[in-house]
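Survey of secondary and tertiary structure
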Amino acid sequence: MTRALVTGGCGFVGRHLCDRLLAEGFDVVCVDLMKPGTGARPPVSRQRLHRQFTLNEQDCRAFFESAHEHFDYVFHLAALVGGRMTLENQTLLVAEDLAVDAALWRWAGECRPGTVVYFSSSAAYPVALQTEAMQTRLSEDMISFERPLGVPDLSYGWTKLTGEYLMKLYVERYGGRAVAYRPFSGYGEDQDLAYPFPAICSRLLKERGAPEVSVWGSGHQCRDFIHISDCVDFIWKTMDTLPSGASLNLSTGKATSFIALAELVSRELGWTPQVRGTASRPEGVFFRCGDVALQKSFGLTPKIGIEEGVRRCLKHHHRLEAACV
Ligand SMILES: NC(=O)C1=CN([C@@H]2O[C@H](COP(=O)(O)OP(=O)(O)OC[C@H]3O[C@@H](n4cnc5c(N)ncnc54)[C@H](OP(=O)(O)O)[C@@H]3O)[C@@H](O)[C@H]2O)C=CC1
Ligand SMILES: C[C@H]1O[C@H](OP(=O)(O)OP(=O)(O)OC[C@H]2O[C@@H](n3cnc4c(=O)[nH]c(N)nc43)[C@H](O)[C@@H]2O)[C@@H](O)[C@@H](O)C1=O
């Protein structure tokens, strides 16, 4: 039986990843803080009832201190993330996430799991490449520790960059196997409303028919939205073939502005409001979109386009509304 440890497995990405690992016949040990009100949810019932799934509700640092068992794979997702967190409490975020990542790599050095899969982020890319003037499609080799091209925008990006650096040390010094993924804007039906994709779908559903709707920032800023099932599929297909120490984007290569996203949602709902930006709300970087050449070399193509993603998200929020009536 293949054994996997998933830290942060009750978060948005973790829930989907655990589902896939269980469906593929893995034995899954999940470690998650499960703090109330943070967006972490109990695993879906089939996970709880699943004989091959164990949930430890604890800080993964404590788990690392006491666990000496062997895992074939370790998927490290535990991190303080999300719009609110990244913007509001940078110091806490850096202190916590660096400590958690350091604990992971120290433990991996001692316990030597088969493969460590580190969840980095597209936020680790240099901010100077993501301006309105540059609008660069970000490719994996644009993060270089030897000849840096620039620095990330937020502390959150710095912690992910440092995490990747620690991965490289682990691979070089301990000869361990590890790979990293850099998700762009992952979204999906059961995502917390702190994230823009579900927030916009849910808001427009409520405001349906209004002459005017709003998005944050100028509305012209762009993101590369990738559906969570494609993210998980890309990981599944490459986690054994990606060279040790390498990082891979999880992206579609398609940039969508928030105004375009809101227009797509309203079209799907059958009306055409005026979409306006809200200057008082944070805008973040202007253009964050992945280069997909390396993903293509592994035969990866996303299955769910943004139109289908919007339809799924709306259907999900419709269902939630109906359940509340
Ligand atoms: N979603 C996306 O589009 C992107 C995600 N990523 C990365 O992917 C990973 C997963 O993201 P996502 O699922 O969206 O985030 P979530 O916040 O939904 O999930 C993270 C989970 O980790 C848990 N956690 C945090 N700290 C600890 C800890 N010390 N010990 C144990 N569990 C902990 C959280 O618990 P609790 O909530 O109870 O605190 C939460 O359940 C993260 O590393 C993130 O940085 C990167 C780029 C984009
Ligand atoms: C890769 C990276 O992906 C994410 O980082 P990000 O792309 O910078 O996104 P964010 O969540 O920091 O910013 C949200 C963006 O969305 C715009 N926006 C518009 N309208 C609404 C709106 O209505 N609500 C919200 N919340 N945002 C809106 C808002 O103005 C801003 O531009 C992280 O989840 C992070 O985990 C991560 O790793």
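Reading guide: rules and limits
Residues numbered from 1 in each chain as written. Chains lettered and ligands numbered in written order. Predicted model: local features only at pLDDT ≥ 70, side-chain atom pairs only at ≥ 80, totals over all residues. Heavy atoms only, no water. Helix = DSSP H or I, 4+ residues; strand = E, 2+ residues; numbered from the N terminus. Rg over C-alpha atoms; globule rule 2.2 N^0.38 Å. Buried < 20%, exposed > 50% of the residue type's maximum accessible area, 1.4 Å probe, protein only. Polar contact = N/O pair within 3.5 Å; in protein donor to acceptor, adjacent residues only side chain to side chain. Contact = heavy atoms within 4.5 Å. Axes fitted to C-alpha atoms, helices over the stretch in contact; angles between N-to-C directions. Parallel < 35°, antiparallel > 145°, perpendicular 65-115°, else oblique. Left-handed = near helix turned anticlockwise from the far one by under 90°. Nonpolar A, V, L, I, M, F, W, Y, C, P; charged D, E, K, R; others polar. Pairing = 2+ DSSP bridges. Near = heavy atom within 4 Å. Areas by Shrake-Rupley, 256 points an atom, 1.4 Å probe, with all protein chains shown as cover. Domains from an automatic or database assignment. Buried area = accessible area lost by both parts, 1.4 Å probe. Salt bridge = Lys/Arg side-chain N within 4 Å of Asp/Glu carboxyl O.

1. Observations concerning the overall build of the chain
- Assigned secondary structure in the chain consists of 11 helices and 15 strands.
- In terms of C-alpha radius of gyration, the chain reaches 20 Å, essentially the compact-globule figure of 20 Å for 325 residues.
- With 325 residues in all, the chain has 50% of them scored as buried.

2. Side note on the side chain of Thr-136
- Turning to its location among the elements, Thr-136 is positioned in the loop between β5 (115–119) and β6 (137–138).
- Using a relative accessible area of 15% as the deciding quantity, one classes Thr-136 as buried.
- Of note is the side chain of Thr-136, whose polar atom sits 3.1 Å from the backbone oxygen of Leu-129.
- Beyond its immediate stretch of four places on either side in the chain, Thr-136 contacts Leu-129, Met-142, Phe-287 and Cys-289.

3. Considering the packing of helix α5 (residues 90–111) against helix α6 (residues 155–174)
- Orientation of α5 relative to α6, taken along the N-to-C sense of each, is 15°, at an axis distance of 9 Å. Comparing their axes, α6 and α5 come out roughly parallel. The handedness of the crossing between α5 and α6 comes out as right-handed. On α6, the residues touching Gln-90, Leu-93, Val-94, Asp-97, Leu-98, Asp-101, Ala-102, Trp-105, Ala-108 and Gly-109 of α5 are Ser-155, Tyr-156, Thr-159, Thr-162, Gly-163, Leu-166, Met-167, Tyr-170 and Tyr-174.
- Residue classes in the contact of α5 with α6 are distributed as 11 nonpolar, 6 polar and 2 charged.

4. Observations concerning the pairing of β5
- Within β5, 5 of the 5 residues are buried, which leaves the element mostly enclosed by the surrounding structure.
- Taking every second residue as pointing to the same face, both faces of β5 are buried, with Thr-115, Val-117 and Phe-119 on one and Val-116 and Tyr-118 on the other.
- The pairing of strand β4 (residues 73–76) with β5 spans 4 bridges and is classified as parallel. Its bridge partner being in β5, His-76 is matched across the sheet by Tyr-118.

5. Overview of the site of ligand 2
- With respect to spatial proximity, 20 residues lie near ligand 2, and among them Ser-121, Tyr-156, Arg-223, Pro-282 and Glu-283 are the closest.
- Here an oxygen atom of ligand 2 sits 3.5 Å away from a polar atom, N or O, in the side chain of Ser-185.
- Take Arg-223: an N or O atom from its side chain is 2.6 Å from an oxygen atom of ligand 2.
- Burial of ligand 2 by the protein amounts to 91% of the accessible area it has alone, namely 720 Å².
- Only α7 (196–206) and β9 (212–216) provide two or more residues apiece to the shell around ligand 2.

6. Here we look at the domain arrangement of the chain
- You can read the domains of the chain as domain 1 (3–185 + 226–250) and domain 2 (188–224 + 254–324).
- Contacts between the two partners involve 41 residues from domain 1 and, on the opposite side, 27 residues from domain 2.
- For the pairing of domain 1 and domain 2, the buried interface totals around 2900 Å² over both sides, and the portion due to carbon and sulfur atoms is 57%.
- For the domain 1 face of the interface with domain 2, the top three residues by lost area are Gln-130, Arg-137 and His-227, together amounting to 20%.
- Scanning the region where domain 1 abuts domain 2 turns up 3 salt bridges.
- Linking Arg-288 and Asp-153 is a salt bridge whose minimum nitrogen-to-oxygen distance equals 3.5 Å.
- Applying the counting rule to domain 1 against domain 2 returns 13 residue pairs in polar contact (both at pLDDT 80 or more).
- In terms of residue count, the dominant contributor to the side of domain 1 that touches domain 2 is helix α8 (residues 228–238) (7 residues).
- In terms of residue class, the side of domain 1 that touches domain 2 is built from 14 nonpolar, 17 polar and 10 charged.

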